[in-house]
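Tertiary structure, described
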Amino acid sequence: MPYLSGTLTGTPVTGTGLGFGVPGYAHPLVAPVEWAELTRPATPLHWVVLNVADGPGTRPDPHCLEAAGRLTNARVRVLGRLDMTYGARTFGEVVSDAHRYLDWYKVDGFLLDRCPTERAALPEVRRTLATLRSLLDTPHLVLGHGAHPYPGYAEAADQLVTFSGPWSDYRWSQAAEWTADYPPERFCHFVHGVPLGHLDEALRLARWQGAATIYFTDRTDRGGAVDPWGTLPGYWDEIVSRIGTGVSE
């Protein structure tokens, strides 16, 4: 099993260049190829989410520990998934999950998935983020809204997921005006059902809307029946190549 250190051995991919934020592949036993691809040299990764069992699970999983260790040793930032259920989960439940991720998998930060978007929920989200920041020296914290939230959230976290959904919606989407006040590295877009023939269009749209962290796939959710992020896109090599070489405006 790879040695899993408490800190990164190098600097993960950051900055304004377009790169991947991987929402979380299926379990390493189910998706071994997907996890192996994430350690391929020169893949433009910003971070990868480790989602063991809709969270950290009830006990350490040796297969997830190995997968996290390989990524950490490859200098890839690993985030634990914390389910906010749009504010329905208690502060204690979320922080307890965070402790398990840190104790078992030595993650570098967290994706707070299904994060509320409304102004009234912001103080509690800020409270949670402040506690998470106290657990690590420099945690990377991403709010997984999936839509544009109240603008105050942009000051609370390192990144916001302002779109998560199908290509049929994304191709007609528009960025909220307030996002223009922030650099592209603050925003993430996750889009499923993107056909290969529209990949360049999707990449240009991400750039125009000011999102530097993306994950596009041709997989679909089949009406909500399956997880579209669980496996590699059919055009993985192609999108890695296009992001690496840049896409014209």
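Let us now look at the overall build of the protein chain. Helix and strand counts for the protein chain come out as seven helices and eight strands. With respect to the principal axes defined by its C-alpha atoms, the protein chain has extents near 45 × 45 × 35 Å. A burial count over the protein chain gives 51% of its 249 residues as buried. Across the protein chain, every contact between residues at least 6 apart in sequence was considered, and the portion connecting residues at least 24 apart equals 75%. Accessible surface, the protein chain: about 11200 Å² in total, of which carbon and sulfur atoms supply 50%. Here the protein chain carries 21 positive and 28 negative side-chain charges, and the mean point of each set is 2 Å from the other.

Attention now goes to the nonpolar core. Ranked by internal contacts, the top residues of the largest apolar core, which has 73 residues, are Phe-20, Phe-110 and Phe-216. Excluding anything up to four places from it in sequence, Phe-110 contacts Leu-79, Gly-80, Leu-82, Ala-98, Tyr-101, Leu-102, Leu-132, His-140, Leu-141 and Val-142.

Going through the model one piece at a time under the given rule, you end up with zero disulfides. There is no disulfide at Cys-115, and the cysteine sulfur nearest it, in Cys-188, is 12 Å away.

Another aspect to go through is the side chain of Glu-34. Its location among the elements puts Glu-34 in helix 1 (residues 32-37). As a buried residue without a salt bridge, Glu-34 has its nearest oppositely charged side chain in Arg-219, at a separation of 6.1 Å. Those residues within four positions of Glu-34 in sequence are excluded, and the remaining contacts are Tyr-25, Gly-230, Thr-231 and Leu-232.

Right, let's get into unusual backbone geometry. Phi is positive for Arg-75, close to 65 degrees, though the residue is something other than glycine. Among the structural elements, Arg-75 can be located in the loop between helix 2 (62-73) and strand 3 (78-83). Using a relative accessible area of 49% as the deciding quantity, one classes Arg-75 as partly exposed. Backbone geometry at Arg-114 places phi at a positive 50 degrees, although glycine is not the residue there. Within the secondary structure, Arg-114 is located in the loop between strand 4 (109-113) and helix 4 (122-135).

All right, on to the pairing of strand 2 (residues 45-50) then. The element strand 2 is extensively covered by neighbouring structure, given that six of its six residues are classed as buried. Running through helix 1, the crossover from strand 1 (residues 19-22) to the neighbouring parallel element strand 2 is right-handed. Bridge count between strand 2 and strand 3: three bridges; the pairing is parallel. Residue pairing across strands places Val-49 opposite Leu-79, the latter belonging to strand 3. Chirality of the crossover, the property in question, places the unit of strand 2, helix 2 and strand 3 among those that are right-handed.

Conventions and cut-offs
Residues numbered from 1 in each chain as written. Predicted model: local features only at pLDDT ≥ 70, side-chain atom pairs only at ≥ 80, totals over all residues. Heavy atoms only, no water. Helix = DSSP H or I, 4+ residues; strand = E, 2+ residues; numbered from the N terminus. Buried < 20%, exposed > 50% of the residue type's maximum accessible area, 1.4 Å probe, protein only. Contact = heavy atoms within 4.5 Å. Areas by Shrake-Rupley, 256 points an atom, 1.4 Å probe, with all protein chains shown as cover. Lys, Arg positive; Asp, Glu negative; His and termini not counted. Charge placed at Lys NZ, Arg CZ, Asp CG, Glu CD. Core = buried A, V, L, I, M, F, W, Y, C linked by side-chain atoms within 4.5 Å. Disulfide = S-S within 2.5 Å. Salt bridge = Lys/Arg side-chain N within 4 Å of Asp/Glu carboxyl O. Right-handed = clockwise from strand over helix to strand, strands pointing away. Pairing = 2+ DSSP bridges.

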